Amino acid sequence: MASPGSSGRCSSRSRVPEFRAGPSGGRGVPAVGLGTASARFMGEDDFRVVLLAALEVGYRHIDTASVYGSERVVGEGVADAVRRGVLKSREEVFVTTKVWCTQCHPDLVLPSLMESLQNLQMEYVDLYLVHWPMSVKPSKPHYPMKREYIVPMDLTKVWQAMEECHRLGLAKMIGVSNFTTKKLQELLTFAKIPPAVNQVELNPVWQQKKLLEFCKEKGIHVTAYHPLGGKYKTSTVNPVMNSDVLKEIAEAKGKSVAQISLRWIYEQGASMLTTSTKRERLKENIEIFDWQLSDDDRLKISQIPQHKKVSVLSILCPDGVSSVELSEVDVVEA
Ligand SMILES: NC(=O)c1ccc[n+]([C@@H]2O[C@H](COP(=O)([O-])OP(=O)(O)OC[C@H]3O[C@@H](n4cnc5c(N)ncnc54)[C@H](OP(=O)(O)O)[C@@H]3O)[C@@H](O)[C@H]2O)c1
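Cut-offs used in this document
Residues numbered from 1 in each chain as written. Predicted model: local features only at pLDDT ≥ 70, side-chain atom pairs only at ≥ 80, totals over all residues. Core = buried A, V, L, I, M, F, W, Y, C linked by C-beta atoms within 7 Å. Buried ≥ 20, exposed ≤ 12 C-beta atoms within 10 Å, placed from the backbone. Helix = DSSP H or I, 4+ residues; strand = E, 2+ residues; numbered from the N terminus. Contact = placed C-beta atoms within 7 Å. Near = placed C-beta within 6 Å. Nonpolar A, V, L, I, M, F, W, Y, C, P; charged D, E, K, R; others polar. Pairing = 2+ DSSP bridges. Axes fitted to C-alpha atoms, helices over the stretch in contact; angles between N-to-C directions. UniProt positions renumbered as here; feature names shortened; annotations may be inferred. Parallel < 35°, antiparallel > 145°, perpendicular 65-115°, else oblique.

Undergrad: Hey, could you run me through the nonpolar core in this one?
TA: Soluble globular proteins tend to bury their nonpolar side chains together. Membership of the largest hydrophobic core comes to 95 residues, with the highest contact counts inside it found for Tyr128, Val158 and Met162. The biggest single contributor to this core is helix α9 (residues 257–267), with seven residues. Other than its neighbours up to four places away in sequence, valine 158 contacts Cys104, Pro106, Val109, Val130 and Met153.

Shown next as structure tokens:
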């Protein structure tokens with residue numbers, strides 16, 4: 001069953017449908033992808049096991065970024081999956097990577113992609129994203145970053161460099177991440193190639209109604225990160241996984257809270273990136289396509305109090321002073 005906006009197609013040997021995005025005729029974005037931001041905390045061998053398990057159960061989208069430090073292992077994992085016959089070829093998998101703030105300068109965007117491709121041992125990525133609408137003094141990708149190193153971003157020239165990456169065939173699609181409607185509006189005034197995707201925090205507890213509406217109107221596909229609320233310290237309550245509304249719906253439907261959250265995102269016409277160290281959860285998280293929420297479920301979810309996790313402060317050192325107004329580079333919708 002395909003939601004509105006979904007092409008309803010599945011890549012070979014995977015039951016995960018794809019959403020249309022970017023230029024017509026291009027490859028679709030698989031509705032659920034594997035996030036790799038936590039790879040560096042897991043240890044390489046454990047991450048390899050997760051990656052192979054995800055590909056075996058049917059994931060065909062891998063999300064990485066220069067700042068995650070996971071590109072090399074992703075590339076090796078995909079090559080290993082091809083050798084084992086889990087994938088027919090690299091073409092079967094949709095690979096996203098991102099240029100970090102420290103390379104978000106017109107002359108550093110292409111070199112950063114070349115480095116990512118070198119790490120991935122791939123000739124192209126399916127999607128290349130501007131990770132955050134912020135430029136920071138050039139250095140190796142890292143965070144938290146010093147506030148005093150933030151510099152004004154030349155979005156026009158950065159985007160021209162992204163367009164060049166696409167023209168060279170190194171990125172099949174280009175897009176952005178953490179862009180508000182205001183930032184997207186600015187980008188659309190000069191983009192020759194409009195962004196195919198905006199990757200943002202999205203889940204039933206941060207519903208992004210205004211941004212979703214805007215992106216739909218402009219033909220920009222939305223991909224959700226933190227679809228299950230993300231990782232929380234054990235002392236803090238995850239508002240998605242502990243939502244009474246989601247728990248009640250899950251119980252009535254015989255589904256898990258995670259599946260209710262992911263299904264709700266799918267029904268918004270968005271794809272999503274999730275991850276788990278457990279094979280059975282990876283599988284559970286893609287078993288969301290042959291059932292649906294009721295109107296009553298959707299109404300209850302629309303009334304959940306809203307709570308945002310990520311802001312620009314999440315990637316900056318706590319002290320220091322920026323010469324750029326932080327609200328200009330934040331992800332919070334005005
Ligand atoms: N563009 C950006 O700025 C940005 C920012 C953040 C993230 N991202 C991308 O989005 C990806 C996903 O983010 P995320 O890891 O925060 O996603 P998430 O899916 O919201 O959270 C993952 C957490 O949920 C748990 N989990 C997974 N499946 C579960 C299930 N069925 N039941 C209960 N718990 C479950 C996992 O724990 P267990 O391992 O114990 O199962 C894991 O700790 C990242 O890896 C990254 O690729 C992008």
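Undergrad: So what exactly am I meant to see when it comes to the site of the ligand here?
TA: In the neighbourhood of the ligand, 27 residues make up the surrounding shell, with Gly35, Gly230, Ala258, Thr274 and Ser276 lying closest. Elements supplying a minimum of two residues to the shell around the ligand: β13 (271–274) and α10 (279–284). Class assignment for the residues of the shell around the ligand results in six nonpolar, 16 polar and five charged.

Undergrad: For this particular structure, what's the right way to read the sheet that holds β13?
TA: Within a beta sheet, neighbouring strands are joined by backbone hydrogen bonds and run either parallel or antiparallel to one another. As summarised here, the arrangement of the eight strands in space is β4-β5-β6-β7-β10-β11-β12-β13, forming a closed barrel in which the pairing is parallel. Neighbour-to-neighbour, the strand axes of the sheet open up by a mean angle of 30°, direction not taken into account. As judged from the two bridges shared by strand β10 (residues 171–177) and strand β11 (residues 197–201), these two strands associate in the parallel manner. In the strand pairing of β11, valine 176 is matched with asparagine 198.

Undergrad: Explanation requested: the pairing of β13 in the structure shown.
TA: Two faces, one strand: in a regular strand the side chains alternate between the faces of the sheet. With burial as the criterion, each face of β13 is covered, one bearing Ser271 and Leu273 and the other bearing Met272 and Thr274. By the bridge criterion, two bridges tie strand β12 (residues 221–225) to β13 in an arrangement that is parallel. Of the residues in β13, the one forming a bridge with threonine 223 is serine 271.

Undergrad: What is the right way to read the UniProt feature "active site" (unreviewed entry) in the protein from this model?
TA: Listed under "active site" (unreviewed entry) in the UniProt record, and renumbered for this structure, are Tyr68. Setting aside its immediate chain neighbours within four residues, tyrosine 68 contacts Thr36, Ala37, Ala39 and Arg40.

Undergrad: Sorry if this is basic, but what is going on with the pairing of β10 here?
TA: Among the seven residues that make up β10, six are buried, leaving the element largely enclosed by the rest of the structure. Pairing of strand β7 (residues 125–130) with β10 involves five bridges; the strand directions are parallel. The partner of tyrosine 128 across the bridge, within β10, is isoleucine 174.

Undergrad: Is there a simple way to explain the UniProt feature "site: Lowers pKa of active site Tyr" (unreviewed entry) in the protein in this structure?
TA: The UniProt record marks Lys98 with the feature "site: Lowers pKa of active site Tyr" (unreviewed entry), using the residue numbering of this structure. Along the polypeptide, lysine 98 turns up in strand β6 (residues 94–99). The contact partners of lysine 98, leaving out residues within four places of it in the chain, are Ala65, Ser66, Leu129, His131 and Ser177.

Undergrad: Could you clarify how one ought to interpret the environment of leucine 117 in this entry?
TA: Within the secondary structure, leucine 117 is located in helix α4 (residues 109–120). The spatial distance from the C-alpha of leucine 117 to the C-alpha of alanine 171 is 9.9 Å, given a sequence separation of 54 residues.

Undergrad: Is there a simple way to explain the packing of helix α6 (residues 181–190) against helix α7 (residues 209–218) in this structure?
TA: A pair of packed helices is characterised by two quantities: the angle between their axes and the separation of those axes. Where α6 contacts α7, the two axes come as close as 10 Å, and the packing angle between them is 20°. Considering their axes alone, α6 and α7 lie roughly parallel with respect to each other. Contacts between α6 and α7 involve Thr181, Leu184 and Leu188 from the former and Lys210, Leu211, Phe214 and Lys218 from the latter. Its residues assigned to classes, the contact of α6 with α7 comprises four nonpolar, one polar and two charged.

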